[in-house]
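Residues per chain are reported as follows:
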Amino acid sequence: MPIVHVNVWEGFGEEKVKTVIQNITKVFRDLGIPAHAVEVIVHEIPKSHWGIGGETALEKFKDLK
């Protein structure tokens, strides 16, 4: 049974999470694994807890909304 962990920034959105879960499950179904055997766990992580190049994503992308 595959268990897939997906890390995204906080605020990713419920609809996007649902889409990610559906599409990752489809990939495994296409490989012959039944959907009921696939688990997808989406972790929303605050940008202040995500480091990129020595700074937080909050700092690095402060101009992005």
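Residues numbered from 1 in each chain as written. Predicted model: local features only at pLDDT ≥ 70, side-chain atom pairs only at ≥ 80, totals over all residues. Heavy atoms only, no water.

You'll find the protein chain entered in an unreviewed UniProt entry as 4-oxalocrotonate tautomerase, with Candidatus Methanolliviera hydrocarbonicum given as the organism. The UniProt entry for the protein chain carries the following text under Sequence similarities (unreviewed entry): "Belongs to the 4-oxalocrotonate tautomerase family." (UniProt positions renumbered as here; feature names shortened; annotations may be inferred.)

Peer 1: I keep staring at the overall build of the protein chain and nothing clicks. Help me out?
Peer 2: Within the protein chain, the regular secondary structure consists of 2 helices and 4 strands. Seen in sequence order, the protein chain has helices and strands lined up from the N terminus as β-α-β-β-β-α. Relative to the globule expectation of 11 Å for 65 residues, the C-alpha radius of gyration of the protein chain, 15 Å, shows a markedly less compact shape. Considered along the principal axes of its C-alpha atoms, the protein chain spans approximately 40 × 25 × 15 Å. Put simply, the protein chain has 65 residues, and 17% of those count as buried. Accessible area of the protein chain: about 4,900 Å², with a carbon and sulfur share of 57%. The protein chain carries 8 positive and 9 negative side-chain charges, and their two centres are separated by 5 Å. (Helix = DSSP H or I, 4+ residues; strand = E, 2+ residues; numbered from the N terminus. Rg over C-alpha atoms; globule rule 2.2 N^0.38 Å. Buried < 20%, exposed > 50% of the residue type's maximum accessible area, 1.4 Å probe, protein only. Areas by Shrake-Rupley, 256 points an atom, 1.4 Å probe, with all protein chains shown as cover. Lys, Arg positive; Asp, Glu negative; His and termini not counted. Charge placed at Lys NZ, Arg CZ, Asp CG, Glu CD.)

Peer 1: I tried to follow the pairing of strand S2 (residues 39-45) on my own but got confused; where do I start?
Peer 2: Each regular strand displays side chains that alternate between the two surfaces of the sheet. Pairing geometry for strand S1 (residues 3-9) and S2, over 7 bridges, is parallel. Bridge pairing in S2 links His 5 to Ile 41. Following the chain from S1 across helix H1 (residues 14-30) to the adjacent parallel S2, one finds a crossover that is right-handed. (Pairing = 2+ DSSP bridges. Right-handed = clockwise from strand over helix to strand, strands pointing away.)

Peer 1: Honestly, the nonpolar core in this entry has me stumped. Any pointers?
Peer 2: Most often, soluble globular proteins keep nonpolar side chains buried together rather than apart. With 6 residues, the main nonpolar core is built from Val 4, Val 6, Val 8, Ile 24, Val 38 and Val 40. Considering every element that reaches this core, the biggest residue donor is S1, with 3 residues. (Core = buried A, V, L, I, M, F, W, Y, C linked by side-chain atoms within 4.5 Å.)

Peer 1: Sorry, what's going on with the pattern of salt bridges here?
Peer 2: Where charged atoms of side chains with opposite charge meet at close range, the side chains can pair. For the structure shown, the criterion picks out 2 salt bridges. One salt bridge in this structure joins Lys 26 and Asp 30, with 2.8 Å as the shortest N-O distance. Of this pair, Lys 26 and Asp 30 are both found in helix H1, 4 residues apart, which corresponds to roughly one turn of the helix. The class of Lys 26 is partly exposed, set by a relative accessible area of 38%. Across the pair Lys 60 and Glu 55 runs a salt bridge, and its minimum N-O distance is 3.8 Å. Using a relative accessible area of 30% as the deciding quantity, one classes Glu 55 as partly exposed. (Salt bridge = Lys/Arg side-chain N within 4 Å of Asp/Glu carboxyl O.)

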